[in-house]
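# Topology and contacts: notes
Read off the chains here:
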Amino acid sequence: MNQSRRRSKTNLTWKELTTRRKEKEYRKRLKSSRNRPAMVEQLEDRSLLSDVAATSGGTSRDLPSFPAELTEVNGALYFSSETRETGRELWKYALDSSGTPDIVKDINPGTGIYDHSERTVVGNTLFFVAPGGELDHGYELWKSYEDGPLQVTTQLSFFEDEQYHISQLTAVGDTLFFTVYDSSGEGELYRCGESEATPTMVTVYSGDGSSRPTELAEANGSLYFSAWGDGDTGYEPWKYSLGVSPPLASVGDLNPTTDSDGLGESSNPRGFTAVGD
């Protein structure tokens, strides 16, 4: 092999590395499914919902579709599935349809194997994270919803020139909250209404660095999370309440002690869990 033509893994982009890993996992699953012995099961009141592989011109004998991450939105079932023609994409099955699922959008043309993760329902809109689209930043924030007879799926682009990681999608009323971290580990909290086209950053810490929010959780119509806020109190619990002015408030400084530099020690709250009202 011509060594000069080989590319070092360290020279590959984050998206290329992720793509290679997903395709390797896919080939492993496909080989496993073909070697699995046939099993017979008595089926009662069960039926094949749809053969997604056949929808795109193949059959399940040729290629298992590996459906996963089933999510209901406004009477329709959304799920990830694979075909030879499209690779792994997002599909939709309307419960009042003829029984044939439709691909929501071929976000990544070709046969690549990509995840559509962090699916979160806000009202009648499905938000999710997936690679591809107009910007090549790796995984982007998307939303999909019905507009009359049309299925609208759009990418919510709000950064321009850097790689970043979107996660912790959390629905609070008609608003989506999520975190965005860059390659240096700095991160902030963002919010986006169901009908909004551009997310807005929530300023928790206005000093140097970032608030690095984590542990997002919804409780009684408010968002609770852990973050570094103004006042240099360290990592403490915060609350964002819709319809309240101001919406952002500190829950409390659970660890009021300070270090040798006079900065607040963190309580590092974790595992926010709602119980009752």
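Up top is the structure these notes are about.
The following paragraphs examine the structure supplied in this document. (Residues numbered from 1 in each chain as written. Predicted model: local features only at pLDDT ≥ 70, side-chain atom pairs only at ≥ 80, totals over all residues. Heavy atoms only, no water.)

Further remarks concern the pairing of strand E10 (residues 175-182). In terms of burial, E10 is largely enclosed, as 7 of its 8 residues are buried. With 7 bridges connecting them, strand E9 (residues 164-172) and E10 associate as antiparallel partners. Each bridged residue has a counterpart across the sheet, and for Ser167 the counterpart in E10 is Thr179. Hairpin geometry of E9 and E10 is characterised by an intervening segment of 2 residues between the two adjacent antiparallel strands and by a positive phi of about 60° at Gly173. Both E10 and strand E11 (residues 187-193) contribute to a ladder of 7 bridges, which runs antiparallel. Pairing of Val180 across the sheet is with Glu188, part of E11. Connecting E10 to the next strand, E11, in antiparallel fashion are 4 residues, including Gly185 with a positive phi near 95°. (Buried < 20%, exposed > 50% of the residue type's maximum accessible area, 1.4 Å probe, protein only. Helix = DSSP H or I, 4+ residues; strand = E, 2+ residues; numbered from the N terminus. Pairing = 2+ DSSP bridges.)

With that out of the way, let us pick up the side chain of Ser211. Mapped onto the elements, Ser211 comes out in the loop between strand E12 (200-202) and strand E13 (214-219). Relative accessible area serves as the criterion here: at 0%, Ser211 is assigned to the buried category. Within the structure, Ser211 has its side chain in polar contact with the side chain of Glu188 (distance 2.8 Å). Residues contacting Ser211, with those up to four places away along its chain left out, are Gly187, Glu188, Val204, Tyr205, Ala227, Trp228 and Tyr235. (Polar contact = N/O pair within 3.5 Å; in protein donor to acceptor, adjacent residues only side chain to side chain. Contact = heavy atoms within 4.5 Å.)

Side-chain pairs of opposite charge can arise whenever the charged atoms involved come near each other. The final tally for this structure, using the stated rule, is 3 salt bridges. Among the ionic pairs, Glu186 bridges to Arg212, the shortest N-O distance being 3.3 Å. Separated by 26 residues along the polypeptide, Glu186 in the loop between E10 and E11 and Arg212 in the loop between E12 and E13 bring together distant segments of the chain. We classify Glu186 as partly exposed; its relative accessible area is 29%. Arg212 gets classed as partly exposed once you look at its relative accessible area, which sits at 26%. Taking the shortest distance from any N to any O, the salt bridge between Glu215 and Arg270 comes out at 3.8 Å. Within this pair, whereas Glu215 is found in strand E13, its partner Arg270 is found in the segment after strand E16 (248-250), the two being separated by 55 residues in sequence. The partly exposed category is assigned to Arg270, whose relative accessible area is 49%. (Salt bridge = Lys/Arg side-chain N within 4 Å of Asp/Glu carboxyl O.)

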